Amino acid sequence: MASEFKVNEDGLTREGYKPLHPKMKKVMRVTTLIYLIVSVIILALVQIFSVNLGGFYWPSLIIILFIIVYYIVSILIIPIIYYARYRYNVGNDRIDVLRGVFIIRHIIVPIERIHQVEVTRGPIKNIFGLANVSMTTAGGIASIEYLELSEAEKIADMLNDRVVSILKERETN
Amino acid sequence: MTGERLRNHPTVILDNLVQTAFVIFIVLIFTLRIWASEAFLIVGGVLCLLTIMFYWRWRKTFIHFNENELVVERNTLFSMKKTIPYTKIASININRSITNRIFRTSTLKVNVNSSSNAIVPEAVLVFKMELAEKVKQDLSRTGSKDEPQAEIYHASAVDVSSKDIIIHGLFSQSTLQTLSGFFFLGVSVIQLRDEMMRPNASEGFQGLISLGMFVLLTIVPTITSIVHNANFKVYREKDIVYLEHGLISKFKTSFPVAKVNAVHVRSTFVSRLLGMSYLEAEVIGLGVDTKNKRPVLCPLKKNEVITAALRELLPEFVYEHDGIRQPLEARKPIAAKAAAGIFSIVAASIILTLLLRSVISGDTTLIGMARTLAENIFLIIGTLMTLGMIVWAFGYYKVAEMSLGEDLFTFVSGVVDRKETTMLYDKVQMVTVSKGPVAKRYELAVGKVSLLTATGGANVSSGYFPEAQLNKVHKIVMARLADGRYEGKLDKA
């Protein structure tokens, strides 16, 4: 593992970044499994209709094979790499997120630029007690994914307080 | 204007009705054959109801010009109160549609700096022409630190003739779009020729579809651009830039310089051969009338004219800089990216060709050149895309540049159609530094800066540069935020 992702006994990297909760791997796997099931159903229907319409196009098997391989990799390997390469840091003035499987992205969001903070969780994340924190800026949306619900709410509260205090500071200036 | 309470001009009722009637008319065309008289009755009834509804909405909508903010209030079943502080106004556009011209009114579109409403105005006000002008002047004044401008004649900062507008319309369209258009033209010629040679010539219409694609991709954008940019005029008074253009619908826009987030100097392949480029600005709200396109501050002109126009209109975006080229090692991640792209293109074109051949194998109506073309269309497209990828790889290394100044920084990108984007650090919303496995080996990365643009939140990307160099962008942004040089405080200063 690259040194920037290694964590010490306190669970922090040398730059002070935190890893996600290991449960996130399960969430990713369950989500991908659901997509796989839906895709298989759609592909099966397409094939049945193709045969009924008088044509079974063998090159489409390559596409089906590719999709199945993609999902198997997504279930078995991707969550491990994603977990190993996801680090975040909520500082006083900025949010830093390091993430990626093949391409590592370092996302920096100045807290001054955040307009809105939102905690979101779908049904699967809800089952596992995880949530996302989405931060809206004028240039787009950044997020910290797969956080434990309590951690997500703590970060959202902290960011909301900080955004309000920045606005008040601006008003008084 | 302060303290006044106004209503929109009653023509908004007519405008709303015309728009709704148009939609209903389209629906009517599709239903006419089945139940013509009933459809007319229903549409008539709906329009009567809508007239009452639009009248009620007009009567209950009030516009207040308070000391510090504009308030639009509606007290109908779905009540609404929208407060727009004058200081938050990014741009005010005046439009004069055909209805406006008939009734001598103007439509004012007020926009604020918000990515969610970038192409939808925050408030749309319809007043008599003179009143609209006065409101625009007052709002421009309250949004900036300058005194109101009297209605006097201003010469354009750039001399733009009709010939310039036609040249802009012809050569400012993206090269890829133009090439795609001509590709469809070529296909249509072959298809039409084959269709005419068939015994039953009236059956074929595929050639017309391809011809339609050519018209849609090349002729329509050119004419739209010419009509939209005709009678072009741009000038700056103190810290406000004024923009006027339009042949059928007239557009008058003004925006404070402080609301400009970035400027682009763009050139297409053909325009570069002619030594020409054009100037665009990223200002929220100006995309409202340009159908999602960025507002043009100066159409295609010689490069030196564009440089002079930028100095005249937005000197705040001019700084002395020498672009940093990508290091030699950047060729490796670029080559890896191109190789991955070529592999995907080749695989996709082979699979799609096999699929298509299976599909059309039993089709006896396809004959001659049209059949050969249909069988090999994905191979042709794949070959062209592979060639494009190779050209991209060579060009990308040569073209991409970046430079970091004190207040501004610039990214140059685009192999065929080039774009030089100059941005203020204080307008940066988010920074992303990405590195793939090959780039990582050479400590290189790609920078992506998120900004608020005329069409909402958007990104500007760099080429492959040393990671440390790219990290300077967010370090400067954070340092400026920390020492108070950021947008909020500057606006208040």
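In case you missed it, the structure is sitting above this.
Note that the structure is predicted; figures quoted are calculated from it, not measured.

Q: What am I meant to see in the overall build of chain B here?
A: Counting its secondary structure elements, chain B contains 13 helices and 20 strands. The buried share of chain B, reckoned over its 493 residues, is 48%. Across chain B, the fraction of contacts at a sequence separation of at least 24, relative to all contacts at a separation of at least 6, is 61%. When the accessible surface of chain B is split by element, carbon and sulfur atoms take 64% of a total near 24,500 Å².

Q: Teacher, can you tell me more about the sheet that holds strand E7 (residues 123-128) of chain B here?
A: By definition, the strands of a sheet pair up through backbone hydrogen bonds, in either a parallel or an antiparallel sense. All names here are of chain B. Judged by pairing direction, the sheet is antiparallel, and its six strands sit side by side in the order E7-E6-E5-E10-E9-E8 without closing on themselves. Each edge of the open sheet is held by one strand with a lone partner, namely E7 and strand E8 (233-237). On average, adjacent strands in this sheet sit at an angle of 15 degrees to one another, irrespective of strand direction.

Q: What should I look at first to understand the sheet that holds strand E17 (residues 418-424) of chain B in this one?
A: All names here are of chain B. In spatial order, the strands read E13-E12-E11-E17-E16-E15-E14; together these seven strands make up an open sheet with antiparallel pairing. Each having just a single partner strand, strand E13 (296-302) and strand E14 (324-325) make up the two edges of the open sheet. Bridge count between strand E12 (residues 276-282) and E13: four bridges; the pairing is antiparallel. Looking across to E13, one finds that Ser 277 is bridged to Lys 301. Where helix H4 (residues 162-171) meets the sheet, its contacts fall on E12 and E13, and the angle it forms with E13 comes to roughly 90 degrees. Against the sheet, helix H12 (residues 467-482) makes contact with E14, strand E15 (401-404) and strand E16 (408-413), and its axis sits at roughly 45 degrees relative to E15, the strand it touches most.

Q: Hey, could you run me through the packing of aromatic side chains in this one?
A: The geometry of two aromatic rings is summed up by the distance between their centres and the angle between their planes. Enumeration according to the criterion identifies eleven aromatic pairs over all chains in this entry. Here the aromatic rings of A:Tyr70 and A:Tyr71 are separated by 5.4 Å at their centres, their planes lie at 65 degrees, and the arrangement is edge-to-face. With a centroid separation of 5.4 Å and an interplanar angle of 65 degrees, the aromatic rings of B:Phe182 and B:Phe214 are classed as edge-to-face. Within this pair, whereas B:Phe182 is found in helix H5 (residues 175-197), its partner B:Phe214 is found in helix H6 (residues 206-229), the two being separated by 32 residues in sequence. Given a relative accessible area of 11%, B:Phe214 falls into the buried group. Three or more aromatic residues joined by ring pairs form one cluster here, namely A:Tyr82, A:Tyr86 and A:Tyr146. In this structure, A:Lys125 packs its charged tip against the face of A:Tyr146, placed 4.8 Å from the ring centre. Between B:Arg7 and the ring centre of B:Trp58, over which it is positioned, the NZ or CZ distance is 5.4 Å.

Q: Teacher, can you tell me more about the pairing of strand E6 (residues 105-112) of chain B here?
A: Two faces, one strand: in a regular strand the side chains alternate between the faces of the sheet. All names here are of chain B. Burial within E6 is extensive, with eight of its eight residues counted as buried. As paired strands, strand E5 (residues 89-96) and E6 are joined by six bridges and run antiparallel to one another. Pairing of Asn 93 across the sheet is with Lys 109, part of E6. Here E6 pairs with E7 via six bridges, running antiparallel. Paired with Thr 105 across the bridge in E7 is Lys 128.

Conventions we followed
- Residues numbered from 1 in each chain as written.
- Chains lettered and ligands numbered in written order.
- Predicted model: local features only at pLDDT ≥ 70, side-chain atom pairs only at ≥ 80, totals over all residues.
- Heavy atoms only, no water.
- Helix = DSSP H or I, 4+ residues; strand = E, 2+ residues; numbered from the N terminus.
- Buried < 20%, exposed > 50% of the residue type's maximum accessible area, 1.4 Å probe, protein only.
- Contact = heavy atoms within 4.5 Å.
- Areas by Shrake-Rupley, 256 points an atom, 1.4 Å probe, with all protein chains shown as cover.
- Pairing = 2+ DSSP bridges.
- Axes fitted to C-alpha atoms, helices over the stretch in contact; angles between N-to-C directions.
- Phe/Tyr/Trp six-rings, centres within 6.5 Å; stacked < 30°, edge-to-face > 60°.
- Lys NZ or Arg CZ within 6 Å of the ring centre and 35° of its normal.

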